[in-house]
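# Topology and contacts: notes
Each chain, letter by letter, is given below.
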Amino acid sequence: MNTPTQSLAARAAIFALLMLSCMQCHAQLSATFYDNTCPNALNTIRTSIRQAISSERRMAASLIRLHFHDCFVQGCDASILLDETPSIESEKTALPNLGSARGYGIIEDAKREVEKICPEVVSCADILTVAARDASAAVGGPSWTVKLGRRDSTIASKTLAETDLPGPFDPLNRLISSFASKGLNTRDMVALSGAHTIGQAQCFLFRDRIYGNGTDIDAGFASTRRRQCPQEGENGNLAPLDLVTPNQLDNNYFKNLIQKKGLLQSDQVLFNGGSTDNIVSEYSNSPRAFSSDFAAAMIKMGDISPLTGQNGIIRKVCGSVN
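Here is what the cut-offs are and how they apply
Residues numbered from 1 in each chain as written. Predicted model: local features only at pLDDT ≥ 70, side-chain atom pairs only at ≥ 80, totals over all residues. Heavy atoms only, no water. UniProt positions renumbered as here; feature names shortened; annotations may be inferred. 1 Å grid on protein atoms, 1.4 Å probe; cavity = no way out; pocket = protein on both sides within 12 Å on 5 of 7 lines; lining within 4 Å. Points joined across faces, edges and corners; volume = space filled by probe spheres on them. Helix = DSSP H or I, 4+ residues; strand = E, 2+ residues; numbered from the N terminus. Nonpolar A, V, L, I, M, F, W, Y, C, P; charged D, E, K, R; others polar. Domains from an automatic or database assignment. Buried area = accessible area lost by both parts, 1.4 Å probe. Salt bridge = Lys/Arg side-chain N within 4 Å of Asp/Glu carboxyl O. Polar contact = N/O pair within 3.5 Å; in protein donor to acceptor, adjacent residues only side chain to side chain. Contact = heavy atoms within 4.5 Å.

Where an unreviewed UniProt entry is consulted, the protein appears under the name Peroxidase, with the organism given as Nicotiana attenuata. UniProt, in the comment section headed Catalytic activity (unreviewed entry), describes the protein in these words: "2 a phenolic donor + H2O2 = 2 a phenolic radical donor + 2 H2O". Word for word, the UniProt comment on the protein under Subcellular location (unreviewed entry) is "Secreted".

## Some remarks on the layout of surface pockets
Of the voids in this model, the largest pocket is the one considered here, and its volume is about 1000 Å³. Arg-65, His-69, His-196, Leu-205 and Leu-264 are the residues nearest the centre of the largest pocket, which is lined by 39 residues in total. Of the residues forming the lining of the largest pocket, the biggest block, six residues, is contributed by helix H3 (residues 59-71). Of the residues assigned to the lining of the largest pocket, the class counts are 24 nonpolar, 11 polar and four charged.

## Points about empty space enclosed by the protein
This structure, assessed with the given rule, holds two cavities of 30 Å³ or more. A volume near 40 Å³ is recorded for the largest cavity. What lines the largest cavity is Thr-129, Trp-144, Val-146, Lys-147, Arg-150, Met-298, Ile-299, Gly-302 and Asp-303. Partitioned by chemical class, the residues of the lining of the largest cavity number four nonpolar, two polar and three charged.

## Here's the deal with the domain arrangement of the protein
You can read the domains of the protein as domain 1 (40-165) and domain 2 (172-300). Measuring from the centre of the C-alpha atoms in domain 1 to the corresponding centre in domain 2 gives 23 Å. At the boundary of domain 1 with domain 2, total buried surface from both sides reaches about 1600 Å², with 67% on carbon and sulfur atoms. Considering only the surface of domain 1 that becomes buried against domain 2, Arg-58, Phe-72 and Trp-144 emerge as the three largest contributors, covering 34% of it. At the boundary of domain 1 and domain 2, one finds one salt bridge. With its nearest N and O atoms 2.9 Å apart, the salt bridge here joins Asp-164 to Lys-182. Linking domain 1 with domain 2 are four residue pairs in polar contact (both at pLDDT 80 or more), by the criterion used here. If one sorts the elements of the side of domain 1 that touches domain 2 by residue count, H3 sits on top with five residues. Considering only residue class, the side of domain 1 that touches domain 2 consists of nine nonpolar, eight polar and four charged.

## Quick word on the side chain of Ser-136
Position of Ser-136 relative to the elements: it lies in helix H5 (residues 124-138). In terms of polar contacts, Ser-136 uses its side chain to reach the backbone carbonyl oxygen of Pro-142, at 2.7 Å. Once you skip the residues sitting within four places of it in the chain, Ser-136 turns out to touch Ile-64, Gly-141, Pro-142, Trp-144, Leu-249 and Phe-294.

Right, dumping it as structure tokens:
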């Protein structure tokens, strides 16, 4: 038989569990997060992103990459959008972003439109996540339901941006471990790499590959790429990551890899006699499998260490702390 003391203790324990579960439910992202506080947020963001991509098709790739470069550093917290200040060392100046990360102004434009209808409600982190989804859909890729409720960080980390982002020269085992450290498995990694079916790369990132006479590159492809990328100079000259359908988010990237026509070393290592060859083959044969897995991996990536509840802030302007 319970004594009054035991009964009180039991009730206290149950109450503590209920409180903990309530805190956890607040900390979870939800597709309906803004349904009451800003019901037109997603339509407003979509309109803004579509306009930007209709003006410049390449911006779709840049926005997807911006989301990726945000989530791999401190989680999906819009830290990549913060400008340099005396107290913030901006991630924009980190080597993987410097001179290559783009689309900051597009996110800022979308934020400005959302602020007009719902001031200080929708985070820059959520806008960036939604923008990546809308960018995919705008260039023929999949769409998906975005979970919302992220908040914005007040700090950035140039140091982490230079250590945690996978690089264009990384071998396969390093790519796999880099993604695994963020909770993404090998299949997620290959699917997300498929974002390289759109966008462009700078000459200095693939020069060694096209002049190296390696056995893992098609000779005609290398010759074509050399025309716009000399052995010295012209470092910023751009080449499409997918020559065939450079502005369409499709499975052509994987077909290219099988033909040894991956532009970056980190692309071709996905199909070079290693553990990911079978996934590349599957995606090259099945646009549906790639599309489905890409959407699932993007959702999973958007779940990396978000700030929720009372953590973080809602920035009024994405480039600065309020």
